[in-house]
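Structure assessment
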Amino acid sequence: MGPTLRHLCPVDECDFYLDRPSPLGGPPQGSFLTLDEFVAAVAIQEAQDAEAVLQAHVDTHTPLEYLRTIQRLNAELTKVTEATLTEHALRLASGGMQVRNPHPDIERVYPLAEWIRDELQNGSKVYRRRVVVLENWTAVEEDTT
């Protein structure tokens, strides 16, 4: 069997999935369609076929099941949003970035706003980015390389 497309039910604790063979096996012999036209036609037909089966399954779930799933996803989104931090850095002549140490003691001695002002006055370019922290720093106990 060749590649397949897997469609999953979005409801929590529902194991339903729909596997369908990949529709991109090639244009039928004697076809006068361009490859782009063939791919588009097959993709539309596949989407319509899969949608009919998925709609029949989705209708078996209650609004409460969807609400619970949405609430769980909102809670996860909140956790991820709370786990973001903003880093500030200077671009080095080599092209690399030198990230400012965010430790509270450094912030107490040399506040971020003052550091940015000083760096800009000195002609440096200051950059910032938002980072999502998935796991906090942990000590490495052994060399895994």
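Scroll up for the structure.
Our subject in this report is the structure included herewith. (Residues numbered from 1 in each chain as written. Predicted model: local features only at pLDDT ≥ 70, side-chain atom pairs only at ≥ 80, totals over all residues. Heavy atoms only, no water.)

Further remarks concern the overall build of the protein chain. Counting its regular elements, the protein chain contains four helices and five strands. Each helix and strand of the protein chain, placed in order from N terminus to C terminus, yields the pattern β-β-α-α-β-β-α-α-β. Taking the intrachain contacts of the protein chain between residues at least 6 apart in sequence as the baseline, contacts between residues at least 24 apart amount to 54%. Of the accessible surface of the protein chain, which amounts to about 11800 Å², a share of 57% is contributed by carbon and sulfur atoms. (Helix = DSSP H or I, 4+ residues; strand = E, 2+ residues; numbered from the N terminus. Contact = heavy atoms within 4.5 Å. Areas by Shrake-Rupley, 256 points an atom, 1.4 Å probe, with all protein chains shown as cover.)

Further remarks concern helix α1 (residues 35–58). Counted at 1.5 Å a residue, the expected span for α1 with its 24 residues is 34 Å, and the 33 Å between its end C-alpha atoms agrees. Turning to α1, its buried residues are F38, V42, E46, A50, L54 and H57. In this fold, the buried residues of α1 make contact with β1 (4–8) and β2 (17–21). (Expected span 1.5 Å × (residues − 1). Buried < 20%, exposed > 50% of the residue type's maximum accessible area, 1.4 Å probe, protein only.)

Here the largest pocket is characterised by a volume of approximately 290 Å³. If you trace the largest pocket, you find it lined by L85, E87, V99, R100, P102, V131, V133, E135, N136 and W137. Tallied by class, residues from the lining of the largest pocket come to six nonpolar, one polar and three charged. (1 Å grid on protein atoms, 1.4 Å probe; cavity = no way out; pocket = protein on both sides within 12 Å on 5 of 7 lines; lining within 4 Å. Points joined across faces, edges and corners; volume = space filled by probe spheres on them. Nonpolar A, V, L, I, M, F, W, Y, C, P; charged D, E, K, R; others polar.)

Turning our eyes to something else, we now look at the sheet that holds strand β4 (residues 97–99). Read across the sheet, three strands follow the order β4-β3-β5 without closing on themselves; strand pairing throughout is antiparallel. With partners counted over all chains shown, the strands left at the sheet margins are β4 and β5 (126–132), one partner each. If you compare each strand with its neighbour and ignore which way they point, the axes differ by 40° on average. Lying on the sheet, helix α4 (residues 112–121) is in contact with β3 (84–91) and β5; it crosses β3 at an angle near 25°. (Pairing = 2+ DSSP bridges. Axes fitted to C-alpha atoms, helices over the stretch in contact; angles between N-to-C directions.)

Along the chain, L5 falls in strand β1. Exposure remark for L5: the relative accessible area of 33% places this residue in the partly exposed category. As for L5 and R20, which are separated by 15 residues in sequence, their C-alpha atoms are 5.2 Å apart.

Among all positions of α4, only W115, D118 and E119 are buried. In an axial view of α4, the angular spread of the buried residues amounts to 95°, which keeps them on one side of the axis. Facing away from the buried side of α4 by more than 90 degrees, the exposed set consists of A113, L120 and Q121. G123 sits one or two positions beyond α4 and adopts a positive phi of about 90°. (Arc of directions from axis to C-beta.)

That is the geometry; function is a separate question.
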